[in-house]
Structures are given as structure tokens and as C-alpha cells.
Amino acid sequence: MDDPRVAGPRSSGYGRVLLKLSGEALAGERGFGIDPEVVDSITDDVKSIHELGVALGLVIGGGNIVRGAIASRRGMDRVSADYMGMLATIMNALAMQDLLEKKGIDTRVMTAIHMPQLAEPYIRRRAVRHLEKGRIVIFAGGTGNPYFSTDTAAVLRAIEMDADVVIKATRVQGVFTADPASDPDATFIPDISYHEVVARDLRVMDVAAVSLCRDNRLPIIVLDLEDQGAVRRAIRGERVGTLVS
């Protein structure tokens, strides 16, 4: 019998994917900074995905270093705080690139904030060309504008790259009716519409990101990054996590 916690049938697979990782995932149990062992494990998964022949883009949050919204609530100017968060995403991207290239994966970091000494500026046509050449592209620096989350940046880049799906890898199995960490009665939702996500305030992604996906008919898969091989299985079309469509 199928596991009732997993989502319904998927397509036969996806050819171009935008993978969104939280910055906190890079910190591991430490809760802050970058844990090299955790990044090493994540890059093993990314390498296995790349070996499927998938065109892969990555967006990594910066919450393991600084979260602009939280810093703002504690008194910092919101615009300055958000720019600090964007810089944190670039630091994470460079760490990810370093380990991927040590494993033989050709990788490019492209930033919305120009830093020519560190990475390429984001230019859509160049990013598409990198994907066509089989390179992994890490999109850093958010959208380059304050007040927009890395979820929104991930969806925007996915649309620009003509991706088939956005996969958000988190620390939970998928979407639940409530936070499973604090509510033992929270129920797993295998499939849900964009409208329901917003109406029920389920916070899969921020409202702007979900609305962009809805308007462009871009599906979202939410799954557990700590489930070894989950992203790879989802890309191959297996029933993993929650499908938002």
C-alpha cells in the first residue's frame, strides 16, 4: 500500500529544475554559520541530481548568517538589513560552489548585486547558456532589491530560466495543516492548490512567491532535505513531499 503521507502521482520527470535551499540547512545542528560536513553532504546530493542530466539552478537563503526581516524588527533599518541578508546568500553560494567544483561539477555563481571579483553578474541569457552547457548555476543576492525574500527570488529565477518545477527543500516532509514541530495534530497534505496555500496561510513560501508560481503555472514541490535522495526521486517523477499546483 502507498504511504498516505506522500503526494499523488507526478509526471515522468523534470528536465530543468530550480532547487531552493534554506540557509539554515547549511548550518546543520550548529544553527548558525556554515558547517562544512553538512555542505559536503548537500553537495553529494546535488552532484547525484546533476548526474541525471538535469539542468539545475540553485538559490540558497542566508538565514544561517543574517535574516534581514528579523534584524529589521530588532531596530535595524529594513533596507540595510535586507542588503546584509543578500550578502549572506552570496557567502553561502560561494561555499557551495567551492565544494561542488572540488567534486568535479562545473558551477557558476551569478549575483543580482554586482561583485565582479567574486562572481558573474546575473544576466538571463548568460545563465540560460550555462545551463545548456551542463553547468550548475547558483543564483545569489536575492532579486537585488530589499523587501523581497529568497523564496521570491527563487521563483523569479525559475520563471526566467523556464524551469519545469521549483523544489523547496526544508526540514519537514512537506506541507502540513500546522507546524508539526509544535502541533502534534498537524496533518500532512500531499497535494494542495496555490489558492489554498494562500487562503489557509500555510507559509509554504511567501505570498508573492506563491502568486508568481500560480500566475505562471509553475509547480512547487516541498520536501525534506534530510530525506536522503528525496530531491533526486522527486525530479525523476516519484511521489515525494507535497505538490503545490
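Residues numbered from 1 in each chain as written. Predicted model: local features only at pLDDT ≥ 70, side-chain atom pairs only at ≥ 80, totals over all residues. Heavy atoms only, no water.

Enquirer: Honestly, the pattern of salt bridges in this entry has me stumped. Any pointers?
Expert: A side chain with one charge can pair with a side chain of the opposite charge if their charged atoms come near. Enumeration according to the criterion identifies 17 salt bridges in this entry. Across the pair Glu238 and Arg233 runs a salt bridge, and its minimum N-O distance is 4.0 Å. Owing to a relative accessible area of 37%, Glu238 belongs among the partly exposed residues under this scheme. On the basis of relative accessibility, which here comes to 26%, the residue Arg233 falls in the partly exposed class. Connected through shared salt-bridge partners, Asp106, Arg108, Glu120, Arg126 and Arg135 make up one network. (Salt bridge = Lys/Arg side-chain N within 4 Å of Asp/Glu carboxyl O. Buried < 20%, exposed > 50% of the residue type's maximum accessible area, 1.4 Å probe, protein only.)

Enquirer: What exactly am I supposed to notice about the confidence of the model for the protein chain here?
Expert: The pLDDT averaged across the protein chain works out to 90; a share of 94% of its residues lies at or above 70. Here residues 1-11 scores under 50 on pLDDT; set against residues more than four positions off or in separate chains, the count is 31 contacts. (pLDDT = per-residue confidence, 0-100. Contact = heavy atoms within 4.5 Å.)

Enquirer: Got a minute to help me understand helix 6 (residues 150-160) in this structure?
Expert: Think of an α-helix as turning once every 3.6 residues; residues three or four places apart then point the same way. The complete set of buried residues in helix 6 reads Asp151, Thr152, Ala153, Ala154, Val155, Arg157 and Ala158. Buried residues belonging to helix 6 abut strand 1 (16-21), strand 2 (55-60), strand 5 (136-140), strand 6 (165-170) and helix 8 (207-215). Capping the start of helix 6 is the job of one residue whose side-chain oxygen sits 3.3 Å from the backbone nitrogen of Asp151: Ser149. The positive-phi residue at the C-terminal boundary of helix 6 is Asp162, with phi of around 60°. (Helix = DSSP H or I, 4+ residues; strand = E, 2+ residues; numbered from the N terminus. Polar contact = N/O pair within 3.5 Å; in protein donor to acceptor, adjacent residues only side chain to side chain.)

Enquirer: Please clarify how the environment of Ile220 should be interpreted in this entry.
Expert: Relative to the helices and strands, Ile220 resides in strand 10 (residues 220-224). For Ile220, a relative accessible area of 0% gives the class buried. In sequence terms Ile220 and Leu156 are 64 residues apart; their C-alpha atoms lie 13 Å from each other. In this structure, Ile220 is in contact with Val166, Tyr194, Met205, Cys213, Thr242, Leu243 and Val244, ignoring residues within four places of it in sequence.

Enquirer: Would you take a moment to explain the packing of aromatic side chains for this structure?
Expert: What the rule picks out here adds up to two aromatic pairs. Aromatic pair Tyr122 and Phe139: ring centres 5.8 Å apart, planes at 75°, arrangement edge-to-face. Linking Tyr122 in the loop between strand 4 (120-121) and helix 5 (124-132) with Phe139 in strand 5, this pair joins segments that are 17 residues apart in sequence. The class of Tyr122 is buried, set by a relative accessible area of 18%. The buried category is assigned to Phe139, whose relative accessible area is 4%. Considering the side-chain rings of Phe176 and Phe188, the 5.5 Å spacing of their centres and the 70° angle between planes classify their relative orientation as edge-to-face. Residue Phe176 is found in strand 7 (residues 175-176), and its partner Phe188 is found in strand 8 (residues 188-189); the two are separated by twelve residues along the sequence. On the basis of relative accessibility, which here comes to 12%, the residue Phe188 falls in the buried class. The ring of Tyr122 carries the charged tip of Arg157 above its face, separated from the ring centre by 3.8 Å. (Phe/Tyr/Trp six-rings, centres within 6.5 Å; stacked < 30°, edge-to-face > 60°. Lys NZ or Arg CZ within 6 Å of the ring centre and 35° of its normal.)

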